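Breakdown of the fold
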Amino acid sequence: MGRKKHDLIDTSERRAVGVDIQHVNKRFREQVVLDDVHFTINPGEIFVIMGPSGAGKSTLMRAIVNLEGVDSGDILINGESAFRQQTHVRMHTAIVFQAGGLFNSMSVYDNLAFYPREHRLYDRKTLHDKVHYTLQILNLKGCAEKYPAELSGGMRKRVAIARSLLIEPRLLLYDEPTSELDPLSAANIAEVIGTLKEEFDVTSIVVSHDRDLATSIGERVALMEKGRVVTIDTPEGLCASTNPIVREFLQPNIDCQKPRFRQAASGSPVPL
Ligand SMILES: Nc1ncnc2c1ncn2[C@@H]1O[C@H](COP(=O)(O)OP(=O)(O)OP(=O)(O)O)[C@@H](O)[C@H]1O
């Protein structure tokens, strides 16, 4: 793990946080949506949560960021309960929503600057430098004055990621980051997720249906079904699994011998 003095963020100390999900249960009326979910995510890990529609992935992600309560169990972030808002302030938790949630009436610059300005995080010059540095990292140089409607879907996703970086996250969650993207843009987002792990020393939790994405960027992947975690394994372990649920979930689309992305020497995935 290349911890280093970052241009704008001091990553010489470990920033990434661990997440400890402790026997979480949740029902919506009579329906069990999270059933004794328990696992840990290591600081700096790229951890993918996948599974069929209705498995409980989004509910779990929403619980991790305290947008959803649970009936029992706890979730600890760096040892502090995720159900206290202060924890997220201290841990700099950020979430990149599926739809991006950009303000269409604001330029890219103002979209990125909005939250830091509201919370007076930085002085004007520092904010300017951080916005432009972040745009550069996400290959969005020259887009600062553009409006979201002028960008491609992949660029809008990258702007949404860039915006989350302005709070210097220690924990970054992505909700379906490659949905609605063509294969090249999806590969580009996969590369970005890998790069950010190195650049910012951030823990990444990725909720996705995209089996190729999961098996190419995930250091470990949890497969959920009907509110339960079926298995947690490395991509290689998943591909070699004889568990019928894993096989059924992976087989329709994925060819483990020919993943859509490959690992570059840097560890970041690149399109094949
Ligand atoms: N606010 C809610 N009220 C009632 N039921 C809900 C609510 N939110 C989710 N559910 C139900 O909980 C179950 C799990 O939903 P969840 O969105 O967590 O699944 P998911 O794995 O993220 O699915 P998808 O991949 O389709 O987003 C589903 O059956 C869903 O209908």
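Per an unreviewed UniProt entry, the protein chain goes by the name ATP-binding cassette domain-containing protein and belongs to Ruficoccus amylovorans.

It is worth spelling out the sheet that holds strand β2 (residues 31-41) at this point. The strand order β2-β1-β4-β5 describes an open sheet built from four strands, whose pairing is antiparallel. A single partner strand is all that each edge strand has here, and the edge strands are β2 and β5 (80-81). Two elements, strand β1 (residues 19-28) and β2, share seven bridges in a ladder whose sense is antiparallel. Paired with I21 across the two strands is F39, which belongs to β2. Each of β1, β2 and β4 (72-77) touches helix α1 (residues 57-64); the most contacted strand, β2, lies at about 60° to it.

Right, let's talk about the site of the ligand for a bit. Taken together, F28, Q31, V33, P52, S53, G54, A55, G56, K57, S58, T59 and H209 make up all the residues around the ligand. Contact between the ligand and G54: an oxygen atom at 2.8 Å from a main-chain N or O atom of the residue. The separation between an oxygen atom of the ligand and a polar main-chain atom of A55 is 3.0 Å. Among the elements of the structure, β2 and α1 are those that each provide at least two residues to the shell around the ligand. Of the residues assigned to the shell around the ligand, the class counts are four nonpolar, seven polar and one charged.

Looking now at the side chain of N111. Along the chain, N111 turns up in helix α3 (residues 108-118). Once residues lying within four places of it in the same chain are set aside, the contact partners of N111 are L102, F103, M106, P148 and R163.

Located in the positive-phi region is R29, a residue other than glycine, with phi close to 55°. The residue R29 is located in the loop between β1 and β2 in this model. We classify R29 as exposed; its relative accessible area is 82%. For N66, which is not a glycine, the phi torsion comes out positive at approximately 65°. Relative to the assigned elements, N66 resides in the loop between α1 and β4.

UniProt tags residues 19-251 as "domain: ABC transporter" (unreviewed entry). A helix fraction of 39% and a strand fraction of 26% characterise residues 19-251, whose end C-alpha atoms lie 30 Å from each other.

Taken in spatial order, the six strands line up as β6-β7-β8-β3-β9-β10 in an open sheet, and their pairing is mixed. Single-partner strands in this sheet number two, and they are β6 (93-96) and β10 (228-233). Across the sheet, the axes of successive neighbouring strands diverge by a mean angle of 15°, strand direction being ignored. Relative to strand β9 (residues 220-225), strand β3 (residues 46-50) runs parallel, the two being bridged by four bridges. Looking at the pairing, V48 lines up with V221 of β9. Against the sheet, helix α5 (residues 153-165) engages β6 and β7 (171-175), with an angle of about 170° to β6.

Attention now moves to helix α6 (residues 183-200). In this model α6 runs 25 Å from its N-terminal to its C-terminal C-alpha over 18 residues, within 8% of the 26 Å that 1.5 Å per residue would give. Considered for burial, the residues of α6 that qualify are S185, A186, A187, I189, A190, V192, I193, G194, L196, K197, E199 and F200. One or two positions beyond α6, positive phi appears at D201, with a value near 50°.

It is worth spelling out the packing of aromatic side chains at this point. Centre-to-centre distance and the angle between the planes together describe a pair of aromatic rings. Enumeration according to the criterion identifies two aromatic pairs in this entry. When the ring of F39 is compared with that of F47, the centres are 5.0 Å apart and the planes differ by 15°; the resulting orientation is stacked. Residue F39 is classed as buried on the basis of its relative accessible area of 7%. In this structure, R211 is placed above the aromatic ring of F249, and the distance from its NZ or CZ to the ring centre is 4.6 Å.

Each value, and the rule that gives it
- Once a new chain begins, its residue numbering starts again from 1 and follows that chain's sequence as written.
- Totals for whole chains, interfaces and linings use all residues, but because this is a predicted model, local features are given only for residues with pLDDT of at least 70 and pairs of side-chain atoms are given and counted only at 80 or more.
- Excluded from the side-chain calculations are hydrogens and water; all other atoms, namely the structure's heavy atoms, are used.
- Between any two strands, pairing holds if DSSP finds at least two bridges.
- Each helix is a run of DSSP H or I of at least 4 residues and each strand a run of E of at least 2, with the numbering of both proceeding from the N terminus.
- Contact between two residues is taken to exist if any of their heavy atoms lie within 4.5 Å; hydrogens are not considered.
- Fitted lines through C-alpha atoms give the axes, limited to the stretch in contact for helices. The angle between two N-to-C directions lies from 0 to 180 degrees.
- For this description, a residue counts as near a given molecule or strand if any of its non-hydrogen atoms is within 4 Å of it.
- Pairs of N or O atoms within 3.5 Å make up the polar contacts considered here, provided that, within protein, one atom can donate a hydrogen while the other can accept it, and that residues adjacent in sequence are counted only when both atoms are side-chain atoms.
- For this scheme, ten residues count as nonpolar: Ala, Val, Leu, Ile, Met, Phe, Trp, Tyr, Cys and Pro. Four count as charged, namely Asp, Glu, Lys and Arg, and the remainder, Gly too, count as polar.
- The rule is simple: take the accessible area with a 1.4 Å probe, protein chains only, and divide by the maximum for that residue type; under 20% is buried, over 50% is exposed, in between is partly exposed.
- UniProt positions are given in the numbering used here, feature names are shortened, and annotations may be inferred rather than shown by experiment.
- Here the expected length of a helix is defined as 1.5 Å per residue gap, with one fewer gap than residues.
- For this analysis, a ring pair means two rings from Phe, Tyr or Trp (six-membered ring only for Trp) whose centres lie within 6.5 Å, classed as stacked if their planes differ by under 30 degrees, edge-to-face if by over 60, and tilted for the remaining angles.
- A ring is considered to have a charge above it if a Lys NZ or an Arg CZ atom is located within 6 Å of its centre and within 35 degrees of its normal.

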